[in-house]
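Secondary and tertiary structure notes
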Protein chains: 2
Amino acid sequence: MQIASIYDPIQQDLQKVGENLRSLSKTDLIPADDLLAHALGGMGKGVRPALTLLSGKFYHYDLDLLLPMATAVELLHIATLVHDDTIDGAALRRSKPTVSSIWGKETALIVGDYLFATSADLVSTTESVLAMRLFARTLMVISAGELQQNFSAYRPGLTRPEYYRRIQHKTASLFAMACETGALLSQAPASACQAMRDYGNHLGMGFQIVDDILDFIGDRSELGKPVGNDLIQGTVTLPAIIFGEMYPGNDYVKHALESKGNPDKVKRAVEAIAASAAIKKAYDLALDECRQARESLSGMPPNPCRQPLETLTEYVVDRNR
Amino acid sequence: MQIASIYDPIQQDLQKVGENLRSLSKTDLIPADDLLAHALGGMGKGVRPALTLLSGKFYHYDLDLLLPMATAVELLHIATLVHDDTIDGAALRRSKPTVSSIWGKETALIVGDYLFATSADLVSTTESVLAMRLFARTLMVISAGELQQNFSAYRPGLTRPEYYRRIQHKTASLFAMACETGALLSQAPASACQAMRDYGNHLGMGFQIVDDILDFIGDRSELGKPVGNDLIQGTVTLPAIIFGEMYPGNDYVKHALESKGNPDKVKRAVEAIAASAAIKKAYDLALDECRQARESLSGMPPNPCRQPLETLTEYVVDRNR
């Protein structure tokens, strides 16, 4: 399945998001074009801004509002990645060196702050108080999710509800906001805004579960980071939780965590989990989130943009599968 | 001079800002009351929220708008301090251990993000798009100032214009925003909003210059951090710049910077600068900023709140003198 066909209705506008991002690296405020250009250059697939644009297609598609909003959504995502990588001491992101690995953690911290502020400034150009509030609350929730992850690092015994809560905060909240603001800024009625929020939330849950699965079974070059990176960082995810439920006597995950990411112990845990039925069970849960995402669309008008959003729920699970 | 008399017209409301801040530590989002309570507990003198409240006294003083705004202003300040201390590896702030020294740099980074988001959320409750935009732009400018400071750390040869630009970004921009939003949210006309912005900007410049002087001549217990802390961190400030202009052959500052904060070399530079006429010259420049701040008030209605704002310009220079 190609992402290009899903993006078809908004492909040109998504390119403008990329151009917008790159143009933000030119500023009198910061004497470091190269640094900002590096941070802003790699949009990846742009799923989040695509969601804002696609969600804006059901009612009054106003690019003057949707373009800054979509750009702000991706920028908020980039800012959280810059801070994430600073916390994790990550060397690579999307196969490129991270800001913190090139310019140092102190600089990366400030650059992240600057990008957060820039994204808030972009949202303010929509002049929508509600969009601004959703934006601020989403950043609160994302930070809370980060903090939960930070506090539970290297601790075995994470439960499914704790995991669901964390990925809702860390990932799904931004997907939900991306969709809801797209609807909101295209004058969708309140019920449609809620439907798109639900869609984004479930899609984000499915997306993150698959991301967490790929950390066990993915290809290093495609992931752009080492396999088993989550366990190395002490982050327990759904496949490990299910594996623990299936084999309560097995200590591989516990040992990997206790060793604080010892490569041999992580490798043993990753291989055991990857070869187990925990992967299939985790996929089933991701599929269920994507089914719920599709159901959320049922209340939306049956216009040509519903199909790409439905297809996206399949793409999210099938990528790299 | 007592700050209490200056705060007289808004003393009760300023206390509510403190209560608001403390109440923000109770949240379902973050399972760490003690951490947030620690970060939110020490408002200090509350100059910035006091400015918002006092600036709101000229026209329609609406506490429903001014209280969240004043709280957001202080919260933004607290968030920047949390990140500053994380970057500097500072052990103490206002004589209390910093968040990063107790909970670690990673946690402090995320807590700062959460506080930024919370302050943006508070501003959104005013439903003023302009206040939200001023808020976002101020955070952009503050981060830019931080980055300038970061890039110029341990480099001798900083010029006065570079110093002025940096403290305008790092400090004065927030004072200006605190005053402008106070005026804006009390339905002041545009000219009064600009006048209060100018007042805050000059006051902030004077405040920071005095802060930078106190780093040379202050008392460790009153500062709540070591004397000479700026030079230890590699930050060149106005007294050192003026000293360099007066004694171009003297290498004390250069040596202190080259040593990356060697205590003996910093001590020698600090003592030489503290004993020199550079201190008096720097004070004169602070006084000049405060004079310009008072002049900015001339266009404001002659109501009882002008006097406290005028007195504040004297207090800023006289504190700890």
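Positions within a chain are numbered from 1, following the residues in the order the chain's sequence is written. Lettering of chains starts at A and numbering of ligands starts at 1, both following the order in which they are written. For this predicted model, a pLDDT threshold of at least 70 governs which residues receive local features, and a threshold of 80 or more governs which side-chain atom pairs are given and counted, while totals over whole chains, interfaces and linings are taken from all residues. As a rule here, side-chain values cover all heavy atoms of the structure and leave hydrogens and water aside.

**Some points on the overall build of chain A**
- On a plain count of helices and strands, chain A comes out with 17 helices and two strands.
- Put simply, the radius of gyration uses C-alpha atoms, and a globule should come to 2.2 Å times the residue count raised to 0.38. Scaling as 2.2 N^0.38, a compact globule of 321 residues should have a C-alpha radius of gyration of about 20 Å, and chain A matches this with 19 Å.
- For chain A, the spread of C-alpha atoms along the principal axes amounts to about 55 × 50 × 30 Å.
- Residue burial in chain A is summarised as follows: out of 321 residues, 59% are buried.
- All accessible areas in this document rest on Shrake-Rupley with a 1.4 Å probe, and a residue is counted as covered only by the protein chains that are shown. Surface accessibility of chain A: about 12300 Å² in total, with carbon and sulfur atoms responsible for 50%.
- Side chains of chain A give 32 positive and 38 negative charges; the mean places of these two sets differ by 4 Å. Segments assigned H or I by DSSP are reported as helices when at least four residues long, segments assigned E as strands when at least two residues long, and all are numbered from the N terminus. Categorising residues by exposure relies on relative accessible area from a 1.4 Å probe, with only protein chains included: less than 20% of the type maximum marks a residue as buried, more than 50% marks it as exposed, and the intermediate range marks it as partly exposed. For the charge count, each Lys or Arg is scored as positive and each Asp or Glu as negative, with His and the chain ends excluded. A charged residue contributes its charge at one atom only: NZ of Lys, CZ of Arg, CG of Asp or CD of Glu.

**A word on the relation of the copies chain B and chain A**
- All copies are superposed by least squares; the fitting set is the C-alpha atoms of residues with a pLDDT of at least 70 in both. Mapping chain B onto chain A calls for a rotation angle of 180° and an axial translation of 0.0 Å; the resulting RMSD is 0.0 Å. On this basis, the relationship between the two copies can be described by a two-fold rotation axis. By C-alpha distance to the rotation axis, the residue of chain B lying nearest is Val129(B), at 3.1 Å.
- By the convention used here, residues are in contact when the closest approach between their heavy atoms is within 4.5 Å. Comparing interface residues between copies, 100% of those in chain B also lie at the interface in chain A; the contact surface is shared.

**Remarks on the interface of chain B and chain A**
- In this assembly, 42 residues from chain B lie in contact with 42 residues from chain A.
- Summed over both partners, buried area is the accessible surface (1.4 Å probe) that two parts give up on being assembled. For the pair chain B and chain A, the two sides together bury roughly 3800 Å², of which 73% comes from carbon and sulfur.
- The largest share of the area that chain B buries against chain A comes from Leu29(B), Ile110(B) and Met140(B), three residues that together contribute 17% of it.
- Of the charged contacts, one joins Asp121(B) and Arg137(A) as a salt bridge, the two residues approaching to 2.7 Å between their closest N and O atoms. By definition, a salt bridge exists where a carboxyl oxygen of Asp or Glu is found within 4 Å of a side-chain nitrogen of Lys or Arg.

**Section: unusual backbone geometry**
Residues and elements named next belong to chain A.
- With a phi angle near 60°, Gln 187 is a residue other than glycine that sits in the positive phi range.
- Tracing the chain through its elements places Gln 187 in the loop between helix H9 (160–184) and helix H10 (190–217).
- On the basis of relative accessible area, Gln 187 is assigned to the exposed category, the value being 58%.

**Remarks on helix H2 (residues 11–23) of chain A**
Residues and elements named next belong to chain A.
- The length a helix should cover is 1.5 Å for every residue beyond the first. With 13 residues, H2 should cover 18 Å at 1.5 Å per step; its first-to-last C-alpha distance of 19 Å lies within 8% of that length.
- Listed as buried for H2 are Asp 13, Leu 14, Val 17, Gly 18 and Leu 21. For H2, the arc enclosing every buried residue in end-on projection is 160°, short of the 170-degree limit, so these residues lie on one face.
- The inward-facing, buried residues of H2 abut helix H1 (3–7), helix H3 (33–41), helix H4 (47–55) and helix H5 (63–88). Our arc is simply the arc of the directions from the helix axis toward the C-beta atoms.

**Considering the packing of aromatic side chains**
- Aromatic pairs are defined between Phe, Tyr and Trp rings, using the six-membered ring for Trp, whenever the two ring centres lie within 6.5 Å; interplanar angles under 30 degrees are classed as stacked, those over 60 as edge-to-face, and all others as tilted. Under the counting rule described, the total for this entry stands at six aromatic pairs over all chains.
- Pairing Tyr163(A) with Tyr164(A) gives two aromatic rings, centres 5.9 Å apart and planes at 85°, and the pair type is edge-to-face.
- Centre to centre, the rings of Phe175(B) and Phe207(B) are 5.0 Å apart; their planes meet at 45°, and the pair counts as tilted. Placement of the pair is Phe175(B) in helix H9 (residues 160–184) and Phe207(B) in helix H10 (residues 190–217), with a sequence separation of 32 residues.

**Notes on the pattern of salt bridges**
All names here are of chain A.
- In this structure the tally under the stated criterion is 24 salt bridges over all chains.
- Between Asp 13 and Lys 16 there is a salt bridge whose closest N-O contact spans 3.5 Å. Highlighted residues: Asp 13 and Lys 16, both in helix H2, separated by three residues, approximately one helical turn.
- Residue Glu 271 is joined to Lys 267 by a salt bridge in which the shortest nitrogen-to-oxygen separation is 3.3 Å. Separated by four residues within a single helix, Glu 271 and Lys 267 lie in helix H15 (residues 263–274), roughly one turn from each other.
- Taken together, the salt bridges that share partners define one network made up of Asp 288, Arg 291 and Glu 295.

**Side note on the environment of Val266(B)**
All names here are of chain B.
- The topology assignment puts Val 266 in helix H15 (residues 263–274).
- Residues Val 266 and Ile 232 lie 34 residues apart in sequence; the distance between their C-alpha atoms is 6.7 Å.
- Filtering out sequence-adjacent residues up to four positions away, Val 266 remains in contact with Gly 228, Leu 231, Ile 232, Ala 256 and Gly 261.

**Quick look at the side chain of Thr52(A)**
Residues and elements named next belong to chain A.
- Here Thr 52 shows up in helix H4.
- Owing to a relative accessible area of 0%, Thr 52 belongs among the buried residues under this scheme.
- A polar contact is formed between the side chain of Thr 52 and the backbone oxygen of Ala 178, at a distance of 3.0 Å.
- Leave out the neighbours within four places in its chain, and Thr 52 touches Leu 66, Met 69, Ala 70, Val 73, Ala 178, Thr 181 and Gly 182. The term polar contact refers here to a pair of N or O atoms within 3.5 Å; inside protein, the definition further demands a hydrogen-donor-capable atom paired with an acceptor-capable atom, and it admits residues adjacent in sequence only when both atoms are side-chain atoms.

**So, empty space enclosed by the protein**
- Cavities and pockets are defined on a 1 Å grid built over the protein atoms alone: a cavity is a set of grid points where a 1.4 Å probe fits but cannot escape, while a pocket is an open set with protein on both sides within 12 Å along at least five of seven lines, and lining residues are those with an atom within 4 Å of any such point. Grid points are joined across faces, edges and corners, and a volume is the space filled by probe spheres set on the points. Per the stated rule, a full pass over the model turns up three cavities of 30 Å³ or more.
- There is about 200 Å³ of room inside the largest cavity.
- Along the walls of the largest cavity sit 18 residues, with Ala120(A), Phe135(A), Ala120(B), Phe135(B) and Ala136(B) positioned nearest its centre.
- Put simply, the parts of the chain that give the lining of the largest cavity at least two residues each are helix H7 (105–124) and helix H8 (129–151) of chain A together with helix H7 (105–124) and helix H8 (129–151) of chain B.
- Residues are grouped as follows: Ala, Val, Leu, Ile, Met, Phe, Trp, Tyr, Cys and Pro are nonpolar; Asp, Glu, Lys and Arg are charged; every other residue, Gly included, is polar. When the residues that make up the lining of the largest cavity are grouped by side-chain class, the tally is 16 nonpolar, two polar and no charged.

**Focus on the confidence of the model for chain A**
- Per residue, pLDDT measures the predictor's confidence, with a range of 0 to 100. Across chain A, the average pLDDT comes to 93, with 97% of residues at 70 or higher.
- The ipTM for the predicted assembly is 0.94, set against a pTM of 0.94.

**Thoughts on the environment of Leu109(B)**
- Examined against the element boundaries, Leu109(B) turns out to sit in helix H7.
- Between the C-alpha atoms of Leu109(B) and Val99(B), which are ten residues apart in sequence, the distance is 9.4 Å.
- Not counting residues up to four positions away in its chain, the partners in contact with Leu109(B) are His83(A), Thr86(A), Ile87(A), Leu109(A), His83(B) and Thr86(B).

**Description of helix H17 (residues 306–318) of chain B**
All names here are of chain B.
- With 13 residues, H17 extends 19 Å between its outermost C-alpha atoms, agreeing within 8% with the 18 Å of an ideal straight helix rising 1.5 Å per residue.
- Within the span of H17, buried status applies to Arg 306, Pro 308, Leu 309, Glu 310, Thr 311, Leu 312, Thr 313, Tyr 315, Val 316 and Val 317.
- Looking at the buried positions of H17, the neighbouring elements they touch are helix H1 (3–7), helix H4 (47–55), H10 and helix H16 (278–296).

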